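Report on the structure
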Amino acid sequence: MGWFFLLFVALPAMELTLLIELGRYIGTVNTLLMILLTGLLGATLARWQGLDVLRRIQRETAEGRMPAAPLVDGMIVLIAAALLMTPGILTDTLGFLCLVPRFRRWVRAAAWRRLERAVAEGRVAMHVHTTEWRGPSRGRRVWDADVETDDDPPWPPRLP
């Protein structure tokens, strides 16, 4: 509940306040131009970064490796694009940060530590199984993981 309040009430209120104050300082037209320019610049940068991430995914897949890091980077770039398309100073700042590769590595490492902690505490269970696959990996094992949480209903659903 707290995250939803911050995301849908507090953040827009802060963004609106900052934009109003900025408008008073540099003028309404300049503020609107800034919003448009950061949106266009952000979309362009997100596209470039997204294409770079896609090339990394293709390269690692062609080499027979699981492209875990590039997939997470792709998700972060997608979030950055959404933040940059949202008018506001705070969201633009966070969006531009998400386009910096070093910041993405930091976010990826933090997410990995959080997942490891959740698995260690038993909040997330991982079931790993292997299959043999005769693709580009030339017989090496391919790993697949399913993640379950305590909140997940049993599948398939049990009938009464």
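To keep things clear, this report deals only with the structure shown in the data block. (Residues numbered from 1 in each chain as written. Predicted model: local features only at pLDDT ≥ 70, side-chain atom pairs only at ≥ 80, totals over all residues. Heavy atoms only, no water.)

**Focus on the overall build of the protein**
A tally of helices and strands in the protein yields 5 helices and 2 strands. Starting at the N terminus and ending at the C terminus, the protein contains elements arranged as α-α-α-α-α-β-β. Burial analysis of the protein (160 residues in total) assigns 20% to the buried set. A fraction of 44% describes how many contacts in the protein between residues 6 or more apart in sequence connect residues 24 or more apart. Approximately 12200 Å² of the protein is accessible, and the part contributed by carbon and sulfur atoms is 68%. (Helix = DSSP H or I, 4+ residues; strand = E, 2+ residues; numbered from the N terminus. Buried < 20%, exposed > 50% of the residue type's maximum accessible area, 1.4 Å probe, protein only. Contact = heavy atoms within 4.5 Å. Areas by Shrake-Rupley, 256 points an atom, 1.4 Å probe, with all protein chains shown as cover.)

**Observations concerning the packing of helix H1 (residues 2-26) against helix H2 (residues 28-62)**
For the pair H1 and H2, the least separation of the axes is 7 Å and the interaxial angle reads 125°. One way to sum up the angle between H1 and H2 is to call them oblique. Judged by residue contacts, Leu19, Leu22, Gly23 and Ile26 of H1 engage Thr28, Asn30, Thr31, Met34 and Ile35 from H2. (Axes fitted to C-alpha atoms, helices over the stretch in contact; angles between N-to-C directions. Parallel < 35°, antiparallel > 145°, perpendicular 65-115°, else oblique.)

Read these as spatial facts, not as claims about activity.
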